[in-house]
Amino acid sequence: MIDFFHLKREQALPELFWHTDLHSHVCPGIDDGARSAERSVNLVRAMADFGFTRMIVTPHVTDETFPNTPAVIASSYLSLTESCRRAGVEMRFNCSAEYRIDDLLTHYLQTGQVRSLPGGYLLVENSWLQEPFALDAFLFALRNEYKLIPILAHPERYPYYHNHRERYEQLHDQGVMFQVNLLSLAGHYDRACRHIGEWLLDHDYIDFIGSDLHRLRHIESLRSYFCSRDYRKLEAKAHLIKNDTAFPE
Ligand SMILES: [Fe+2]
């Protein structure tokens, strides 16, 4: 009897069309991602096995749950890079953060403590519950006052936008770039995220794709997705994806 399950698992991994990941939680011990340097190394090794050569790591910075200071992030980042070097895992790294749009981010902006992505981009995320107060004014200030280009992390994961898709158009039209999670397209979270992620893909709203990697379970979902037919839909939009072109070395 043919073991279809086994066949599916053994499907060859395609060569990915991009090699830079810009969103992950592999810095050890400072958010809900990797809990130890050993786990960090395992995650990075798995990303290298997929074909990634560069990771811009983005620990959470949120007022409520992970009020990470620049010094805390720098120390964890050093531990990450040193651990990978010692383990012989080849990866080029940059360090930034995923900033929740809240009072702490405002404070860091006002005091010059924000660590942007190369090229002057800033990865920001909304609250899960509601759109941040005066979001448009904040994004305007980010671009015009602080000269930073906002990348909105996983727009497909905010449920309050799902029935207000005109908001995606408004935000994108005002210069906010969208980073959709591969795990959403993979169906890792729920049907709604997948559906909206695909809708954003179909409507050419996706500028960046990110792993938002926290743990090894995510690696398994990514592997299944890369080997699936759904992945071909993303490949068809490769010309729109700026992961490898936006961030100077
Ligand atoms: Fe994240």
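Up top is the structure.
Just so we're clear, the structure is a prediction, and the values are computed from it rather than from any experiment.

So, the overall build of the protein
Moving on, step 1. Within the protein, the secondary structure is distributed over 10 helices and 9 strands.
Moving on, step 2. Expected size for 249 residues packed as a compact globule is a radius of gyration near 18 Å; at 18 Å, the protein falls within 12% of this value.
Moving on, step 3. In the protein, buried positions account for 37% of the 249 residues.

Things to note about the sheet that holds strand 8 (residues 177-181)
Moving on, step 1. One open sheet holds the 6 strands; their spatial order is 3-5-6-7-8-9, and the pairing between them is parallel. At either margin of the open sheet sits one strand with a lone partner, and together these are strand 3 (60-61) and strand 9 (208-210).
Moving on, step 2. Looking at chain direction, strand 3 and strand 5 (residues 98-100) are connected through 2 bridges and run parallel. When the bridges of strand 5 are listed, H60 appears paired with E98.

Quick look at helix 3 (residues 70-87)
Two residues of an α-helix separated by three or four positions point the same way, owing to the 3.6 residues in each turn.
Moving on, step 1. The first and last C-alpha atoms of helix 3 sit 26 Å apart over 18 residues, in line with the 26 Å expected at 1.5 Å per residue.
Moving on, step 2. Taken as a whole, helix 3 has its buried residues at I73, S76, Y77, L80 and C84. Projected down its long axis, helix 3 carries its buried residues within an arc of 105°, all on one side. Of the residues in helix 3, the exposed ones pointing more than 90 degrees away from the buried face are A71, L78, E82 and R86.
Moving on, step 3. Contacts from the buried residues of helix 3 go to helix 2 (37-50), strand 2 (54-57) and strand 4 (92-95).
Moving on, step 4. Of the residues trailing helix 3, G88 is marked for its positive phi of about 75°.

Quick look at the nonpolar core
Moving on, step 1. Within the largest apolar cluster, 57 residues are counted, with the highest numbers of intra-cluster contacts made by V26, C27, V44, V57, L122 and L123.
Moving on, step 2. In this structure, V26 is in contact with G33, A34, S40, L43, V44, V57, L80 and L213, ignoring residues within four places of it in sequence.

A few points about the packing of helix 2 against helix 9 (residues 216-226)
Moving on, step 1. Close contact between helix 2 and helix 9 brings their axes to 10 Å; oriented N to C, the two are set at 10°. When the interaxial angle is binned, helix 2 and helix 9 end up roughly parallel. Note on element contacts: helix 9 touches helix 2 through L216, I219, L222 and F226, opposite N42, L43, A46 and F50.
Moving on, step 2. For the contact of helix 2 with helix 9, the per-class residue count stands at 7 nonpolar, 1 polar and no charged.

Let's talk about the pairing of strand 6 (residues 121-125)
The side chains of a regular strand alternate, first on one face of the sheet and then on the other.
Moving on, step 1. In terms of burial, strand 6 is a largely internal element, 5 of the 5 residues being buried.
Moving on, step 2. Covered by surrounding structure in strand 6 are Y121, L123 and E125 together with L122 and V124, the residues of both alternating faces.
Moving on, step 3. Bridge analysis of strand 5 against strand 6 gives 3 bridges, and the strand direction is parallel. Residue R100 lies in a different strand from strand 6, and its bridge partner there is E125.
Moving on, step 4. With helix 4 (residues 103-110) bridging strand 5 and the parallel strand 6, this β-α-β connection has right-handed handedness.
Moving on, step 5. Of the strand pairs in this sheet, strand 6 and strand 7 (residues 149-153) are connected by 4 bridges, and their pairing is parallel.

Here's the deal with the environment of A37
Moving on, step 1. Position of A37 relative to the elements: it lies in helix 2.
Moving on, step 2. A37 sits in the buried class, given 20 other C-beta atoms within 10 Å.
Moving on, step 3. Look past the residues within four positions of A37 in its chain and what remains in contact with it is P28, S79, L80 and S83.

The rules behind these values
- Residues numbered from 1 in each chain as written.
- Predicted model: local features only at pLDDT ≥ 70, side-chain atom pairs only at ≥ 80, totals over all residues.
- Helix = DSSP H or I, 4+ residues; strand = E, 2+ residues; numbered from the N terminus.
- Rg over C-alpha atoms; globule rule 2.2 N^0.38 Å.
- Buried ≥ 20, exposed ≤ 12 C-beta atoms within 10 Å, placed from the backbone.
- Pairing = 2+ DSSP bridges.
- Expected span 1.5 Å × (residues − 1).
- Arc of directions from axis to C-beta.
- Contact = placed C-beta atoms within 7 Å.
- Core = buried A, V, L, I, M, F, W, Y, C linked by C-beta atoms within 7 Å.
- Axes fitted to C-alpha atoms, helices over the stretch in contact; angles between N-to-C directions.
- Parallel < 35°, antiparallel > 145°, perpendicular 65-115°, else oblique.
- Nonpolar A, V, L, I, M, F, W, Y, C, P; charged D, E, K, R; others polar.
- Right-handed = clockwise from strand over helix to strand, strands pointing away.

Function-wise, these values are silent; they only describe arrangement.
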